[in-house]
Amino acid sequence: MKVCEYRQIALGPGQGSAPAPRCLPPAAGQQRRRRKWESFAGKNRFFCDGRLISGRQSGAFYLTLGLILGTSGLFFGFDCPYLTENLTLAIPIIAGLLFVFVVSALLHTSFTDPGILPRATPDEAAHLEKQIDNSGGSSYRPPPRTKEVVINGQTVKLKYCFSCKMFRPPRTSHCSLCDNCVERFDHHCPWVGNCVGKRNYRFFYMFLLSLSFLTAFIFACVITHLTLRSQNIGLLNTLQETPASALELVVCFFSVWSILGLSGFHTYLVASNLTTNEDIKGSWSSKHSEESSNPYSYNSIVTNCCAVLCGPMPPSLIDRRGFLDLDTTQESGGQHNITQGAKMEANLTSLCVLNKTMSEKSDGTVICAIMPPGSFKPAHSQEKGTIHLIFQQATRTVSSPSA
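This write-up is about the structure you can find in this document. (Residues numbered from 1 in each chain as written. Predicted model: local features only at pLDDT ≥ 70, side-chain atom pairs only at ≥ 80, totals over all residues. Heavy atoms only, no water.)

Observations concerning the sheet that holds strand 5 (residues 166-167)
- Taken together, 3 strands build an open sheet; the order of strands is 3-4-5 and the sheet is antiparallel. The open sheet terminates on both sides in strands that have one partner only, identified here as strand 3 (146-151) and strand 5.
- Note that strand 4 (residues 154-161) and strand 5 share 2 bridges and pair antiparallel. Among the inter-strand pairings, Y160 is bridged to a residue of strand 5, identified as F167. (Pairing = 2+ DSSP bridges. Helix = DSSP H or I, 4+ residues; strand = E, 2+ residues; numbered from the N terminus.)

Some words on the pattern of salt bridges
- On inspection of all chains with the given rule, the structure shows 10 salt bridges.
- Two residues, R171 and E278, come together in a salt bridge whose shortest N-O distance is 2.9 Å. Here R171, found in the loop between strand 5 and strand 6 (173-175), pairs with E278, found in helix 7 (residues 276-281); they are 107 residues apart in sequence, far enough to count as distant. A single burial state applies to R171 and to E278, both of which are buried.
- For R229, the salt bridge is made with E241, and the minimal N-O distance between the two is 3.4 Å. Placement of R229 in helix 4 (residues 201-233) and of E241 in helix 5 (residues 235-241) is noted, with a sequence separation of 12 residues between them.
- Residues joined by salt bridges that share partners form a network here, namely R35, D49 and R321. (Salt bridge = Lys/Arg side-chain N within 4 Å of Asp/Glu carboxyl O. Buried < 20%, exposed > 50% of the residue type's maximum accessible area, 1.4 Å probe, protein only.)

Side note on the nonpolar core
- Grouped together as the largest cluster of nonpolar side chains are 40 residues, with contacts concentrated most on I68, F75, L106, Y201, F204 and F207.
- Those elements giving two or more residues to this core turn out to be helix 1 (59-86), helix 2 (90-110), helix 4, helix 6 (243-272) and helix 8 (301-309).
- Considering every element that reaches this core, the biggest residue donor is helix 4, with 12 residues.
- Not counting the four nearest positions on each side in its chain, I68 is found in contact with F99, V102, V103, L106, F207 and L211. (Core = buried A, V, L, I, M, F, W, Y, C linked by side-chain atoms within 4.5 Å. Contact = heavy atoms within 4.5 Å.)

So, a nonpolar patch on the surface
- On the surface, V250, F253, F254, W257 and L260 cluster together into a nonpolar patch covering about 550 Å² of accessible area.
- For V250, the location among the structural elements is in helix 6.
- Residue classification places V250 among the partly exposed positions, given a relative accessible area of 44%. (Patch = residues over 30% accessible without salt bridge, like charges linked within 9 Å, V, L, I, M, F, W, Y side chains within 5 Å. Areas by Shrake-Rupley, 256 points an atom, 1.4 Å probe, with all protein chains shown as cover.)

A word on the packing of aromatic side chains
- This structure, assessed with the given rule, holds 14 aromatic pairs.
- Between the aromatic rings of W284 and Y296, the centroid separation amounts to 6.2 Å while the plane-to-plane angle is 70°, which identifies the pairing as edge-to-face. Of the two residues, W284 sits in the loop between helix 7 and helix 8 while Y296 sits in the loop between helix 7 and helix 8, which places them 12 residues apart along the sequence.
- With relative accessibility at 14%, the residue Y296 sits in the buried group.
- We note R171 situated over the ring of Y296; from NZ or CZ to the ring centre the distance is 4.1 Å.
- Here R184 stacks its cationic end above the ring of Y201, 5.4 Å away from the centre of that ring. (Phe/Tyr/Trp six-rings, centres within 6.5 Å; stacked < 30°, edge-to-face > 60°. Lys NZ or Arg CZ within 6 Å of the ring centre and 35° of its normal.)

In structure tokens form, the structure reads like this:
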């Protein structure tokens, strides 16, 4: 495979006009090095130059954030002053701490890598396919796409992921919305706008727990506020004077039950060292198999909670901020196309000489000299078969034609 590359040349006095032209550095034409997150295969969004990652469907996340900010803002603006004056200063302090904890846990859940596994490279995928084909033998039946491993006496099947070209590790599942294989996949939560997996489950659980406390606390404080006011002027007059408190009461009433129920469900999962995906499928349920039991459980509620919530944070396995190899070339349609590393973007007129000599001497080298407009006169090359090409546009991709 021929590799075409660019290099600048200085034209001598005898090859052009009398004064030797001055070559300008291609500062404007140099392409910045791209990072790996810019060509990431999954359906994710990246922020802060790849430091933050989330799912693409983030509409429900902004709704969640807006409800939290709006309800808390109304509470701090309309209820806290009255309660502080008539009851205690501890009410806004407690509400403030809970609010900060909720928002922090939500942002950590939404913009943390949930445990995405990198996809297999073409060489790794080809090697794995070869192993699968060899394991099939000479039978007409297709080779199996599952493997079996034994974990704590339980047989666990590893399924082959056709998107990521690999066998999924235990407790790993492929998210159809984000198009990634996620370690210890729990579920894809639209309310946080991200998958919930091995690296952000603890933040998700803390978000649910703290949101339950905040919602119940605001709900109780709003009822107290309305009760104290209605003792003097009546309930209807109180609702007319403080419509914001009535709005908070409605929002908290309809949301607190679902939040408390979800928190209780995930508390059960943490205590059992299960995931939502495993619980829904009934992977370790006695109904599924009489002899099956959860091989990941430590048979202790305290130990399971510590393992899920207090264990060390595993590192991210995707190199989001690494640089792409700019010298990588691609072969398509019998032509050798120059890829990103060989794309010339210049605002000046460029003179390119394609060195197309005899086949035994051909090296496919493209030599470019970037010159100011109007300062170069074409010269006669002494090399046989040399072709002069002049590009007038700002951006071109040069391809080396077949001999």
